[in-house]
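# Working through the structure, step by step
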Amino acid sequence: MSIKISETPTFECETGNYHTFCPISCVAWLYQKIEDSFFLVVGTKTCGYFLQNALGVMIFAEPRYAMAELEEGDISAQLNDYQELKRLCLQIKKDRNPSVIIWIGTCTTEIIKMDLEGMAPKLENEIGIPIIVARANGLDYAFTQGEDTVLAAMAHRCPEQENLIGNQQRNDKKSIEKLFSFLPIETDKRPKQSIINKKNRISLVLFGSLPSTVASQLSLELNRQSINVSGWLPAQRYTDLPILGNNVYVCGVNPFLSRTATTLMRRRKCKLIGAPFPIGPDGTRAWIEEICSVFGIEAQGLAEREQQIWESLRNYLNLVHGKSVFFMGDNLLEISLARFLIRCGMIVYEIGIPYMDKRYQAAELTFLQATCKKMCIPMPRIVEKPDNYNQIQRMRELQPDLAITGMAHANPLEARGINTKWSVEFTFAQIHGFTNAKDVLELVTRPLRRNNNLENLGWTDLVREG
Ligand code: SF4
């Protein structure tokens, strides 16, 4: 049978009636990543309930985030927002003494038009702690995009390359003048050369919050190709933010960081490297190769390294080969994950995705297309802002072997005989780089392995359709 392969990706857009986490959930991983930060979510009890429930046991570990819960008086402007926030921030300063406080705006602060951006600089001066404002609300964004809003806001606070080089130059010049003070005429020539080299020095900053072990794995992979990563946005500590400027190349590690990428390019004048994302051995190789090509380096030993990883995944590949998968879409990792799973031999029926930035994800989309061709698999439909109700109807028709979906639909689908994998786990698991490809397949195959174990019980469809 010959399969008709659609050459170009088809994009559709539905109603946006889908389940996802609220973007304020980004505080859960960002407060752990940035060790000297404190997140203050300015919202209502609704937001508080969500955080308490979604973050599970974490809330008992004295996390460095809190809710500034708005009351009736705040909403009707009878209380003074500025004084209230000042009181809370002073308390945070006294109890935790963070290096930065990040205010997370919510739906309510948007609707009542609370001027967080206006208040932050004033308060910052008064209490002496940097205050960053990120509008990670459910009106505008979905789940992981919360991190995008925080990183975009943080990009403005990174030190400027030009200034630093300027200072450096002045210092260099001073110390050189001192050194050569006994030779007044010939001092200038050689030092100038080294200043120019310094000025032209090009550096690479990676953006995206990853657990530090994964971040150092990726840095190490680039080191092997003699590329030095000069910094990460965000760094482990707020005080170590990377230096930015027009001699800095930046590259993203996650597909949901399009605002951060835009800010880095437009406001900080950095040069963006558009590459597929380092998810799966194929993605990691393509990501490294793209960075190498920008720096004019020929990547060494990547083909063998990729092959080695595929070999180590053989048992998982046997399990997933030929199986079909349906992404309902809620965390923006979908395109990269689908591309990896297609390369593993799976058939992807549909890629639901909350928001699709075709420019930022261009390299990933081309790579998806190439992977489909390579594997002789039709290009899946990409559905932006999906409608969960319609998706369920489509799933009934298609009967995929696996649905990657949120918790709201997981159990109901399981009860109707469709295997599911909870999508949020991909956000919290370590899925980047060569060595973590195994973890992605561990997650994907878990329901399939469980089924193999329970096969003989005959209980697959437990709902009486009435
Ligand atoms: S969607 Fe809006 S109201 Fe709901 S938790 Fe998120 S920010 Fe709060």
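Conventions adopted
Residues numbered from 1 in each chain as written. Predicted model: local features only at pLDDT ≥ 70, side-chain atom pairs only at ≥ 80, totals over all residues. Heavy atoms only, no water. Helix = DSSP H or I, 4+ residues; strand = E, 2+ residues; numbered from the N terminus. Buried < 20%, exposed > 50% of the residue type's maximum accessible area, 1.4 Å probe, protein only. Contact = heavy atoms within 4.5 Å. Areas by Shrake-Rupley, 256 points an atom, 1.4 Å probe, with all protein chains shown as cover. UniProt positions renumbered as here; feature names shortened; annotations may be inferred. Near = heavy atom within 4 Å. Nonpolar A, V, L, I, M, F, W, Y, C, P; charged D, E, K, R; others polar. Disulfide = S-S within 2.5 Å. Expected span 1.5 Å × (residues − 1). Bend = angle between axes of the 7 residues up to and from the residue. Pairing = 2+ DSSP bridges. Axes fitted to C-alpha atoms, helices over the stretch in contact; angles between N-to-C directions. 1 Å grid on protein atoms, 1.4 Å probe; cavity = no way out; pocket = protein on both sides within 12 Å on 5 of 7 lines; lining within 4 Å. Points joined across faces, edges and corners; volume = space filled by probe spheres on them. Right-handed = clockwise from strand over helix to strand, strands pointing away. Phe/Tyr/Trp six-rings, centres within 6.5 Å; stacked < 30°, edge-to-face > 60°.

Labelled according to an unreviewed UniProt entry, the protein chain appears under the name Light-independent protochlorophyllide reductase subunit N, originating from Hattoria yakushimensis.

## Observations regarding the overall build of the protein chain
When helices and strands are counted, the protein chain shows 20 helices and 14 strands. Taken over 466 residues, the protein chain has a buried fraction of 51%. Here the analysis covers contacts within the protein chain between residues at least 6 apart in sequence; of these, 77% occur between residues at least 24 apart. About 22,800 Å² of surface is accessible on the protein chain, with carbon and sulfur atoms providing 51% of the total.

## Quick look at the UniProt feature "binding site: [4Fe-4S] cluster" (unreviewed entry) in the protein chain
With numbering aligned to this structure, UniProt lists the feature "binding site: [4Fe-4S] cluster" (unreviewed entry) at C22, C47 and C107. With the annotated positions falling across 86 residues, the maximum pairwise C-alpha distance of 10.2 Å places them together in a single cluster. Counting through the fold element by element, C47 comes out in helix α2 (residues 45-54). For C47, a relative accessible area of 12% translates into the label buried. Apart from the residues within four sequence positions on either side, C47 is in contact with I24, M67 and T106.

## Description of the site of the ligand
Surrounding the ligand, one finds C22, C47, T106, C107 and G138. A class-by-class count of the residues in the shell around the ligand yields 3 nonpolar, 2 polar and no charged.

## Considerations on the state of the cysteines
Two cysteines, two sulfur atoms, one covalent bond between them: this is a disulfide. Summed over the entire model, instances satisfying the criterion amount to 0 disulfides. Cysteine C158 is unpaired, with the sulfur of C270 as its nearest cysteine sulfur at 8.3 Å.

## Regarding helix α20 (residues 437-454)
Its 18 residues place the ends of α20 26 Å apart at the C-alpha level, agreeing with the 26 Å of an ideal helix rising 1.5 Å per residue. In the structure, α20 departs most strongly from a straight axis at T445, where the bend amounts to approximately 45° and where the proline P447 lies between one and four residues downstream. Turning to α20, its buried residues number three or more, namely A437, V440, L441, L443, V444, T445, P447 and L448.

## A short note on the sheet that holds strand β12 (residues 381-384)
Ordered by their spatial adjacency, 6 strands build an open sheet running β1-β12-β11-β10-β13-β14, and the pairing between neighbours is parallel. Edge positions in the sheet fall to β1 (10-13) and β14 (420-422), since each of these pairs with one other strand and no more. Strand-to-strand twist of the sheet, defined as the mean angle between neighbouring strand axes without regard to direction, takes the value 20°. Across 4 bridges, the pairing between strand β11 (residues 347-353) and β12 is parallel. If you follow G352 over to β12, its bridge partner there is V383. Relative to the sheet, helix α17 (residues 388-398) contacts β10 (324-327), β11, β12 and β13 (402-405), its axis offset from that of β10 by approximately 175°. α20 rests against β13 and β14 of the sheet, and its axis sits at about 140° to β14.

## Looking at empty space enclosed by the protein
Under the definition given, this model contains 3 cavities of 30 Å³ or more. Estimates place the volume of the largest cavity at around 50 Å³. Considering the residues around the largest cavity, the lining is formed by Y18, H19, M328, G329, D330, N388, T405, G406 and H409. In terms of residue class, the lining of the largest cavity is built from 2 nonpolar, 6 polar and 1 charged.

## A word on the pairing of β12
The pairing of β1 with β12 spans 4 bridges and is classified as parallel. Among the inter-strand pairings, F11 is bridged to a residue of β12, identified as I382. For the handedness criterion, the β-α-β arrangement of β11, helix α16 (residues 362-375) and β12 is classed as right-handed.

## Remarks on the packing of helix α12 (residues 280-294) against helix α15 (residues 334-343)
One way to put it is that α12 packs onto α15 with a least axis distance of 7 Å and a crossing angle of 115°. Between α12, through G280, P281, D282 and G283, and α15, the contact on the second element is made entirely by R339, F340 and R343. A per-class count over the contact of α12 with α15 returns 2 nonpolar, 2 polar and 3 charged.

## A few points about the packing of aromatic side chains
Scanning the model with the defined rule gives 8 aromatic pairs in all. Between W29 and F143 the ring centres are 6.0 Å apart and the planes differ by 75°, which places this aromatic pair in the edge-to-face class. Of this pair, W29 sits in helix α1 (residues 27-33) while F143 sits in the loop between β5 (131-134) and α7 (145-155), and the two are 114 residues apart along the sequence. Here the two residues W29 and F143 agree in accessibility, since each one is buried.

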